[in-house]
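# Chains, contacts and geometry: an overview
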Amino acid sequence: MVIEFLFFYQHSKSQKKNSTCSTKIMQIKDKVAIVTGGANGFGAALARRLVREGARVIIGDIDKKSGQNLETELNQINKINAKFVFCDVTNFEHLRQLFETAQNTFGGVDILCNNAGIAQPNEFYDQTDRWKKTIDINLNSVIKGTQLGIQFMKKHGGGVIVNTASMSAFYPLTIAPIYSATKRAVIGFTQSLRDLNDTDKIRVNVVSPAFVDTNLTREMMAKSELFEQMIKKFGLVPIDEVINAFIMAIQDDKLAGDTIMLPKANRLKIMQKS
Ligand code: NAD
């Protein structure tokens, strides 16, 4: 009944719940959010949306210039809405700094989006160890970020964590098998944390989109003809739809341990056949 969006829920538990009771929506206004990989792409679009809805945001990223520009864009003369913190998510002390800054600047953390991610074509086939970097950024930082998120959110009676996976978790991205593996792992990890909602009032969900026009896809296209062909074949999901999915994962209090996939199911089925 809630699902007027162009998504479907993978987790049957939510569908059962949705059919029997009404949805409560968590207010975003006055909440404090941390967004990793928040200087560009999904992260920047999400930070803008969260601030528009009245939240205050800590932007964690290694891209200093874009992060600082976004901080300036989002702040007003008499109101601090956003703070950029240089953070390499593979450095767990940097990750901890995001939480300390949120605590000291805005008084706590209500929302965490473990969103930073990279994709490297042929990271597995070229016999180098480049694949380890993909695992460190796309998976290990999500695990550590979630651990810290739980620790800080418990102090304030709960919160929401939203991780970023990818359609490639389900539909093979043959040029980047490690990328696909990390995204599948993030989904399994997220689903396994669903009971935290009962024990600690912390909901952990994951958004799993298909291709979207960001630096990541542009760089992949420039490096791989095969990837370019896939984009031409399947097209791009508008970034606003992805941000709507994040907002739904944050706000809908029935979603815990759930996966929101985009685009809608019928298009994914077409992808599966090819
Ligand atoms: P993007 O390249 O536009 O943004 C990624 C951000 O992460 C950048 O600001 C980058 O500086 C930052 N980053 C990279 N390494 C980092 C590190 N070690 N520490 C901190 N920040 C780091 O890409 P995007 O498309 O917005 O990707 C965001 C997330 O969405 C990623 O997890 C990606 O795997 C996922 N995703 C993207 C697509 C797509 O088609 N664009 C589809 C599905 C999932």
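These figures come from a predicted structure and were not determined experimentally.

The number of helices and strands found in the protein chain is eleven helices and eight strands. Within the protein chain, buried positions represent 43% of all 274 residues. Put simply, 70% of the contacts in the protein chain that link residues at least 6 apart link residues at least 24 apart.

Surveying the vicinity of the ligand reveals 29 residues, the closest of which are Gly37, Gly41, Gly117, Thr214 and Leu216. Where the shell around the ligand is concerned, the elements lending two or more residues are helix H2 (41-52) and helix H8 (215-223). Across the shell around the ligand, the residue classes break down as 13 nonpolar, 13 polar and three charged.

Looking now at the pairing of strand E6 (residues 159-164). Burial of E6 is extensive: six of the six residues sit out of reach of the surface. Of the two faces of E6, the one carrying Gly159, Ile161 and Asn163 and the one carrying Val160, Val162 and Thr164 are both buried. Two strands pair when backbone bridges link them, and strand E5 (residues 111-114) and E6 are joined in this way by four bridges, in the parallel orientation. Counterpart to Asn114 in the pairing with E6 is Asn163. For the crossover from E5 across helix H5 (residues 130-154) to E6, the handedness is right-handed. Two elements, E6 and strand E7 (residues 202-208), share six bridges in a ladder whose sense is parallel. Within the sheet, the bridge partner assigned to Thr164 lies in E7 and is Val207.

Let us look at the environment of Gln68. Note that Gln68 resides in helix H3 (residues 64-74). Along the chain, Gln68 and Val85 lie 17 residues apart, while their C-alpha atoms are 8.6 Å from each other.

What follows is about H2. With twelve residues, H2 extends 17 Å from end C-alpha to end C-alpha; this agrees with the ideal 16 Å at 1.5 Å per step. Taken residue by residue, H2 has Gly41, Phe42, Gly43, Ala44, Leu46, Ala47, Leu50 and Val51 as its buried positions. Gly54 sits one or two residues past H2 and shows a positive phi near 100°.

A few words now on the nonpolar core. Formed by 64 residues in total, the largest nonpolar core has its most connected members in Ala47 and Val57. Grouped together as the second largest cluster of nonpolar side chains are ten residues, Trp131, Tyr179, Met220 and Phe227 included.

Here we take up the environment of Phe84. Within the element layout of this structure, Phe84 appears in strand E4 (residues 82-86). Judged by C-beta crowding, with 25 C-beta atoms within 10 Å, Phe84 ranks as buried. In this structure, the C-alpha to C-alpha distance between Phe84 and Ile59, residues 25 residues apart in sequence, is 4.6 Å. Leaving out residues up to four positions away in the same chain, Phe84 has contacts with Ile59, Gly67, Gln68, Leu70 and Glu71.

Cut-off values and rules
- Here, residues in each chain are numbered from 1, in the same order as that chain's written sequence.
- Note on the predicted model: pLDDT of at least 70 is required for a residue's local features to be given, and 80 or more for side-chain atom pairs to be given and counted; whole-chain, interface and lining totals, by contrast, use all residues.
- Helix numbers and strand numbers start at the N terminus; a helix is a DSSP run of H or I with at least 4 residues, a strand a run of E with at least 2.
- Working definition of burial: number of other C-beta atoms within 10 Å of the residue's own, with buried at 20 or more, exposed at 12 or fewer, and partly exposed in between, all C-beta atoms being placed from the backbone.
- Contact definition: two residues whose C-beta atoms, as placed from backbone geometry, lie within 7 Å.
- Here, nearness means that the C-beta atom of a residue, built from backbone geometry, sits within 6 Å of the molecule or strand in question.
- Gly counts as polar in this scheme, as do all residues outside two lists: the nonpolar Ala, Val, Leu, Ile, Met, Phe, Trp, Tyr, Cys and Pro, and the charged Asp, Glu, Lys and Arg.
- Two strands are counted as paired when DSSP detects at least two bridges linking them.
- Crossover handedness is defined here as right-handed if the route from the first strand over the helix to the second strand goes clockwise, with the strands pointing away from the viewer.
- The span one expects for a helix is its residue count, reduced by one, times 1.5 Å.
- Here a nonpolar core is just a set of buried residues of the types Ala, Val, Leu, Ile, Met, Phe, Trp, Tyr and Cys, joined wherever their C-beta atoms sit within 7 Å.

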